[in-house]
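Letter by letter, the chains look like this.
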Amino acid sequence: MPSDIRVRFAPSPTGYLHIGGARTALFNWLFARHHGGKFVLRIEDTDIKRNTEEAMAAIYDGLQWLGLNWDEGPHVRGEFGPYLQSERTELYAKYLKKLQDTGHIFDDQGALRFRSPREHVIVDDIVCGKIDFDLSNPATHPDMTIRRPDGSWIFHFVNVIDDLEMKISHVIRGEDHLSNTPKHIEIIRALGATPPHYAHIPLILNRDGSKMSKRDEGARVEYYIRRGYLPAAVRNYLCLLGWSPKDNREKIDLDEIIRIFDLKNIGRSSATFDPDKLHWLNGEYARELSDSEFYGLAVAKLGSSGVNLDKFPETYVRAALQTCEGKINTFDELPAYCGFYFTDDLNYDPEAVTKQFTPENKPRLREVSDALRTLEQFDAAGIEATLKATAKKLGLKVGAIVHPTRLAVTGSNVGPSLYHLIEVLGKEKVLARIDHALATF
RNA sequence: GGCGCGUUCGUCUAGUGGUUAGGACACAGCCCUCUCAAGGCUGGUGCACGGGUUCGACUCCCGUACGCGCUGCCA
C-alpha cells in the first residue's frame, strides 16, 4: 500500500543553496524515504526580481550532489505541478476568491490582508510539542498581507495554498517559521481545510552563535563541492546536526539512517556548525574510497587546480596517487600534498630547510645518493633496506637520513611514505633532485 | 518592546528522579612509526543562575540571566 506521506522542500532561489536549507531538505528526504512517501521540490520564486536560472541551478546542483533526489518537482514533474510558484498564480487567485467570498479578506491601500479570527491557536509540533499562541491582540499580531498592490503574492499565503494543493502531509522546516505557523493555520482553517503536521527543526548557527548567513563562506553547499568534500560525508555530518541516532554512532551509512530516522529524535536546541568535525568525518569517508574512486576524484581535483597530468604516463599518476590514499581528509589538500610528483621545480619548505639542510646532513645526503645510485632493485623494499643500511653504516637512526632525503626529494617534511614515493619517482629523478638539493647548501 | 523557542565539556550529542554524567570532534601527553596521517592508550574541561517539589534533582515546577527566532507589502 503506497504511503500518503508527502513532504516538500520549498527553497527560494537566492543564488545558492544554504547549508541549513540543505539539512532541511535532507530531513524531509529522510522522512519520505523512511516512510516510502514522496519528497517534493517546490521553488518559491514569488519575488520575480530574484528569480534567475543560475539561482535555481544552484539548488538543483546542491541537492543532486547530496543525493537528495526529488519525486516531484522541476524536471521530474508530477501530478500536482507546476512546481514553480511563479507559474501558479491562477491557483492562488482561485483561493483568494474563496477567502473573499467568505469575508476573510480586506483591502488596505491596494494590498490584500487576511483578517485574523483573533483566537488562540495551538500548534501541535512533532519536535516542539504543543504551543499555545494567543493571536487575539491585533496590536501584537497584525492581520497579515497576502498580496501586494502590484498583484504579487506573499509567502505566507502561497506557501499555505501550495502545501494544501500538493497534499503535503508533514511540513518539516526551520524553526524560524515556528512563530508564523499559527497564522498559517488560521488561513487553512478559513479555507475549511485541515492543517498538515508540523515539525520545526532547530537552526544551524555559526561558531560565534550567530545565525549562519550568506556572508559565511561555509554557509553554502557549493563551498563543500568546490573544496573537495565527499557528499556522503557532508550528508552524514548534516544528519548529526540536530538529529541523533541515540547510540553514540557518528559515521552511519545512508541506508541505516533511512531505516532509523525518526522526527522524534530531532533535538530542540540550535546547533553550531563545526567545520573540524566535518573535516574529520570526511577523512573517515575518504579513507574508505577504493583505488579507482580515489584516483578519479584526485585527478579531477588536480586538474581543476592547474596541475597538468597530461605529460605523465597513467601508470605513473596512478602509482603516485596511490601513495596518497588515506593521507588526506579533503581533496583540496591533495595538490599541495602530492604536487612534487608532477613538477621538478620544488619549493623547499623554509622551516624544514633550516632544520635539515645542515652541514652535518650534507655528507649523509651524499651517502644516501651514492647508495641509491647502486641499487638495482629500485622498489620500496629495496629502498627501505638501502636507507636502513646507510643509516647503520653512519651509526644513525634511519630517521636522521630520512628527513633530509624527504626534503630534498619532495621539498616538504610531510608526505607519503618516503620509500614508496622514491620508487614512484624513479631513480633518475630522485638522484637528480638530491644533487640539486646538495648544491643549495 | 511584545510573543515564541532554547540553555549538559570549546563544539555535536547521550541522558527522562538515585550514573564515578557516557560517546564523538578539537586539544594535550604517551605508544607505534621513515614524516604526516591512521591506529592504540591516557588526560583535562560540562549539567547557566536562584528558588521550590522530593528522602533524593542534570532530569519535574516557577522565576532570573543569556542566546536565537518571529513581530514586512522578505522567504
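As a reminder, the structure under discussion sits directly above these lines.
This section reports on the structure supplied with the text. (Residues numbered from 1 in each chain as written. Chains lettered and ligands numbered in written order. Predicted model: local features only at pLDDT ≥ 70, side-chain atom pairs only at ≥ 80, totals over all residues. Heavy atoms only, no water.)

This part covers the environment of Thr410. In this structure, Thr410 sits in helix α16 (residues 398-410). When the C-alpha atoms of Thr410 and Asn347 are compared, they prove to be 8.5 Å apart, with 63 residues separating the residues in sequence. Contacts of Thr410, omitting those with residues within four sequence positions, involve Phe340, Leu346 and Leu421. Looking at Thr410, its side chain comes within polar contact range of the main-chain nitrogen of Ser412, at 3.1 Å. (Helix = DSSP H or I, 4+ residues; strand = E, 2+ residues; numbered from the N terminus. Contact = heavy atoms within 4.5 Å. Polar contact = N/O pair within 3.5 Å; in protein donor to acceptor, adjacent residues only side chain to side chain.)

Within helix α5 (residues 181-190), eight of the ten residues are buried, which leaves the element mostly enclosed by the surrounding structure. Two residues or fewer after α5 comes Gly192, characterised by a positive phi angle close to 75°. (Buried < 20%, exposed > 50% of the residue type's maximum accessible area, 1.4 Å probe, protein only.)

We now examine the protein's contact with RNA strand B. Surveying the vicinity of RNA strand B reveals 62 residues, the closest of which are Arg148, Gly242, Arg268, Lys327 and Gly415. Ser179 places a side-chain nitrogen or oxygen 3.1 Å from a base nitrogen of RNA strand B. With respect to RNA strand B, the side chain of Asn180 contributes an N or O atom lying 3.2 Å from a base nitrogen. Considering only residue class, the surface near RNA strand B consists of 21 nonpolar, 21 polar and 20 charged. (Near = heavy atom within 4 Å. Nonpolar A, V, L, I, M, F, W, Y, C, P; charged D, E, K, R; others polar.)

Below, the discussion takes up the pattern of salt bridges. Under the definition given, this model contains 25 salt bridges. Between Asp163 and Arg42 there is a salt bridge, with the nearest N and O atoms lying 2.9 Å from each other. Taken together, the positions of Asp163 in helix α4 (residues 155-165) and Arg42 in the loop between β2 (38-41) and α2 (53-65) put the pair 121 residues apart, joining distant regions of the chain. Taken as a pair, Asp163 and Arg42 share a single burial class, namely buried. It is possible to trace a salt-bridge network through shared partners that takes in Arg8, Arg42, Glu44, Arg88, Asp162 and Asp163. (Salt bridge = Lys/Arg side-chain N within 4 Å of Asp/Glu carboxyl O.)

A ring pair, where both rings are aromatic, is described by two values, the distance of the centres and the angle of the planes. Going through the model one piece at a time under the given rule, you end up with 18 aromatic pairs. Ring centres of Tyr224 and Phe273 lie 6.0 Å apart, and the angle between their planes is 50°; this geometry places the pair in the tilted category. Here Tyr224 is found in helix α6 (residues 221-226), whereas its partner Phe273 is found in the loop between β11 (271-272) and α9 (275-286), with 49 residues between them in sequence. Per residue, the accessibility class of Tyr224 equals that of Phe273, and both read buried. Ring plane angle 5° and centroid distance 4.6 Å describe the contact between Phe357 and Phe441, whose orientation is recorded as stacked. In this pair, Phe357 is assigned in the loop between α13 (350-356) and α14 (361-373) and Phe441 in the segment after α18 (427-438), connecting sequence segments 84 residues apart. Exposure remark for Phe357: the relative accessible area of 8% places this residue in the buried category. Relative accessible area serves as the criterion here: at 23%, Phe441 is assigned to the partly exposed category. Three or more aromatic residues link up through ring pairs in this structure, and these residues are Tyr223, Tyr224, Tyr229, Tyr237 and Phe273. One residue, Arg147, lies across the ring of Trp153, its end atom 5.7 Å from the ring centre. Above the face of the Tyr295 ring, Arg318 is positioned so that its terminal group lies 3.8 Å from the ring centre. (Phe/Tyr/Trp six-rings, centres within 6.5 Å; stacked < 30°, edge-to-face > 60°. Lys NZ or Arg CZ within 6 Å of the ring centre and 35° of its normal.)

Function cannot be inferred from these measures alone, as they are strictly geometric.
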